[in-house]
Each structure stands twice: as C-alpha cells, then as structure tokens.
Amino acid sequence: MGSVAYDSVRTQAGSRTDALGGSATYFSLASSYFSPVGVVAVVGDDFREDDLELLRTHKVDISGLERKPGKTFRWAGVYDTADVNTRETLDTQLNVFADFSPALTAEQSKADYLFLANIHPALQLDVLEQMDSRPKLVALDSMNFWIEGNKADLKKVVEQVDVLIIDENEVREFSDERNLVSAARAVLRMGPTAVVIKRGEHGVLMYLSEPDGSESVFACPALPLDHVIDPTGAGDSFAGGFMGYLSASGATASTLPAATLRRAVALGSVMGSITVQGFNMEALTGASKADIQGRFDKFHALTQLNEAPGGNGLPWSN
Ligand code: AMP
C-alpha cells in the first residue's frame, strides 16, 4: 500500500515529465521478482493504460488499484548536480489521494506480509487495522513530507510495525536525535524489532532489538556504481527486494533470523542499485535475472572479510 504517481524529475543526466512513479509502484515491481504482490492505491482518470499494462506484465495484482475521477498523485523533484544523494521536492500534489479511503478485499486482508509504503500515515494505519489477523511481518517507510506534517499519526503507526525502513536524515527528524545510533535506539524503543536506515550511496545500517534489551547492528555498503542516472525510487525498490526476500523465505517477525534479514538487506540494496541506473522505472522493469543474481553475488565478494590463517589478532609492532 502506498502512492502510485506521475513523477517529474531533473537529474544531472536529464529530465522526465509525468513518468510512472510512486512508492507502491517501485515497491511492487521490485518485489514482483521474488514474491507474488498486490498493490493497494488509487489513481485518477488520467492514468495511462500502458502503465497498467506494465504492472500486469510484471504479475503485480492490481485488483486493489482503484481508479477515481480526478488527477493521479503528482510529485516533482530535482537532484543536486554535484551530489546525487541530495534532492529537493519541488511539488507534491495528493490529488485523488487527498480523500482516498481504501477498502481491502477479503483476500488482501489475509496477506502474510504487509508493506506500508510512503503515504499519509493515517492511511497506513487504516490499512493495518483492516488486516484480518496480524501478518507475519509488517514494515513501513515514510518521508520528511509526512514527518513534518503528521508526526503524531506516524508515531501511532510506527509503534505497531515490525520493521521501519527510513532514510538517515528522516530518522533523525522523526526521532529528534542527531546521532544515528541514538536515533535507531529511539525507534526500537517505540516498538519495531528492526530499523533499516538508508544512507544513499553510503549503503544501509540495520539495528535489531536483541531479547536481552541490547541491539545489534549490520552495515551493508551500496554497490559502487560507475553511473547513476536517477535515484528516484531507490528506497522503495530497496524495500521491495527486502520484503520480497523475507516473504519468499517465510520469515516471521517474532522469530527473525539475523542471517535472513542480512540477506534481505543485500537483495534490497541490489534492487536499489538497479533502479538508479535508469530514469524512473526503466532500469527496474528491464532487469534480467542474470543481472540481479550477478549483483547479489557481488555483494558477497564486496562484504567478505576472511580471518587470517593465524586468527583475527592484529600484527601489533609495540
Ligand atoms: P524514493 O526516491 O524511494 O524516496 O521514492 C520516490 C517516490 O516517492 C516517487 O516516485 C514519488 O512519486 C513518491 N513520493 C514522493 N513524495 C511522496 C509523498 N509525500 N507521499 C507518498 N509518495 C511520495
């Protein structure tokens, strides 16, 4: 559940106007490679048939995608020419989302895995409350637009999810903590078992609550890329790979093996790395299994630190 949008973006590589975007769109396309997925969202009567067809082609169940009179959600942003990690939102128009009230079908309310992609936190809570029984795992993403305007609503829903996936500046803003470790601890105290902090080209940090009340941390780099075209949707594609992997492995929030979560983070990073190498959905929708597998294999090589034959001791000189 999240936004399905038309995006207008400008990056150092060029620009696109009114191209298919939205948090739920990136999420569902990325997760469709690993798990059956359905989307709950609303579009306007300007939504194009070929965009619906793209979702169908990727076997995304669009029976929960309502069409209403009015305009589809619009977002516009521009990326810093020197630093692709920095972007400015130029325009956000909720349009048909402004008074959207989703009604889950019987089948949707029985889903084992629920991802509450970036959208109004009251809508995220509404969908969570419509679930028949507690899903095996619920994760959530949000952004500054909602943190600044609807923090109380957002806290209410964060308290009820298992995993919070959030950008590093946004987790600082949400928790009122400058330091990332303190910010992660503050989120874990609110309720989630894990918080996954996205740091753009610097990778991802995942903090996990341990049964003794302490927390463990996993750091995953981003795949070093020789060209980045358009970072839009990297975070949602990350979430799609992450949840797709957890769903395919049958993971349950109460017994989440750290090793499974780590592989889910690596696959999320793979999907994010693909999305940024094309405008909008271009690279994500054209990805081959060989490319996805090859990038996942690269993560093993990238992060492996073998112990020396004599053990882990360092060669001290004095
Ligand atoms: P990301 O780059 O992963 O943060 O996500 C970008 C996507 O989020 C774009 O395709 C936008 O359409 C969508 N988006 C931007 N602002 C919002 C918002 N306030 N609520 C929901 N979705 C949004």
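These lines cover the structure that appears in this document, whether it is placed above or below. Since the structure is predicted, the reported quantities are computational estimates derived from the model, not experimental observations.

## What about the sheet that holds strand 14 (residues 215–220)?
And then number 1: The mixed open sheet is built from six strands, whose spatial order is 9-10-11-12-13-14. Looking at which strands have only one partner, the edges of the open sheet turn out to be strand 9 (113–116) and strand 14. Shown here is a sheet whose adjacent strand axes are inclined to one another by a mean of 15 degrees, direction ignored.
And then number 2: Pairing geometry for strand 12 (residues 194–198) and strand 13 (residues 204–209), over five bridges, is antiparallel. Its bridge partner lying in strand 13, alanine 194 is registered against leucine 208.
And then number 3: Seen against the sheet, helix 6 (residues 168–175) touches strand 11 (163–167) and strand 12 and runs at an angle of roughly 115 degrees to strand 11.

## Some points on the nonpolar core
And then number 1: Counting 99 residues, the largest nonpolar core has Val4, Leu116, Leu137, Ile165, Val195 and Phe242 as its most contacted members.
And then number 2: Per-element accounting of this core gives the leading share, eight residues, to helix 9 (residues 258–275).

## What to know about the site of the ligand
And then number 1: The environment of the ligand is made up of 19 residues, and the closest members are Ser3, Asp7, Gly22, Gly233 and Asp236.
And then number 2: With respect to the ligand, the side chain of asparagine 118 contributes an N or O atom lying 3.5 Å from a nitrogen atom.
And then number 3: Contacts to the ligand include glycine 235, whose backbone N or O atom sits 3.2 Å from an oxygen atom.
And then number 4: Expressed as a share of its isolated accessible area of 510 Å², the protein-covered part of the ligand is 94%.
And then number 5: Among the secondary structure elements, those contributing two or more residues to the shell around the ligand are strand 1 (5–11), strand 7 (73–79), helix 4 (144–149) and helix 8 (234–248).
And then number 6: Top contributing element to the shell around the ligand by residue count: helix 8, with three residues.
And then number 7: Of the residues belonging to the shell around the ligand, the class tally is nine nonpolar, seven polar and three charged.

## Let's talk about the packing of helix 6 against helix 7 (residues 180–190)
And then number 1: One can describe the packing of helix 6 onto helix 7 by two numbers: an axis separation of 9 Å at closest approach and a directional angle of 60 degrees. What the angle tells us is that helix 6 and helix 7 run oblique. Crossing hand, helix 6 versus helix 7: left-handed. Between helix 6 and helix 7, the contacting residues are Glu168, Val171, Arg172, Phe174 and Ser175 on the first element and Leu180, Ala183, Ala186, Val187 and Met190 on the second.

## Points about the environment of glutamine 160
And then number 1: Of note, glutamine 160 is situated in the loop between helix 5 (151–158) and strand 11.
And then number 2: The class for glutamine 160 is partly exposed, based on a relative accessible area of 35%.
And then number 3: Sequence-wise, glutamine 160 and leucine 128 are 32 residues apart; in three dimensions their C-alpha atoms are separated by 8.7 Å.

What counts, and where the lines are drawn
Residues numbered from 1 in each chain as written. Predicted model: local features only at pLDDT ≥ 70, side-chain atom pairs only at ≥ 80, totals over all residues. Heavy atoms only, no water. Pairing = 2+ DSSP bridges. Helix = DSSP H or I, 4+ residues; strand = E, 2+ residues; numbered from the N terminus. Axes fitted to C-alpha atoms, helices over the stretch in contact; angles between N-to-C directions. Contact = heavy atoms within 4.5 Å. Core = buried A, V, L, I, M, F, W, Y, C linked by side-chain atoms within 4.5 Å. Buried < 20%, exposed > 50% of the residue type's maximum accessible area, 1.4 Å probe, protein only. Near = heavy atom within 4 Å. Polar contact = N/O pair within 3.5 Å; in protein donor to acceptor, adjacent residues only side chain to side chain. Areas by Shrake-Rupley, 256 points an atom, 1.4 Å probe, with all protein chains shown as cover. Nonpolar A, V, L, I, M, F, W, Y, C, P; charged D, E, K, R; others polar. Parallel < 35°, antiparallel > 145°, perpendicular 65-115°, else oblique. Left-handed = near helix turned anticlockwise from the far one by under 90°.

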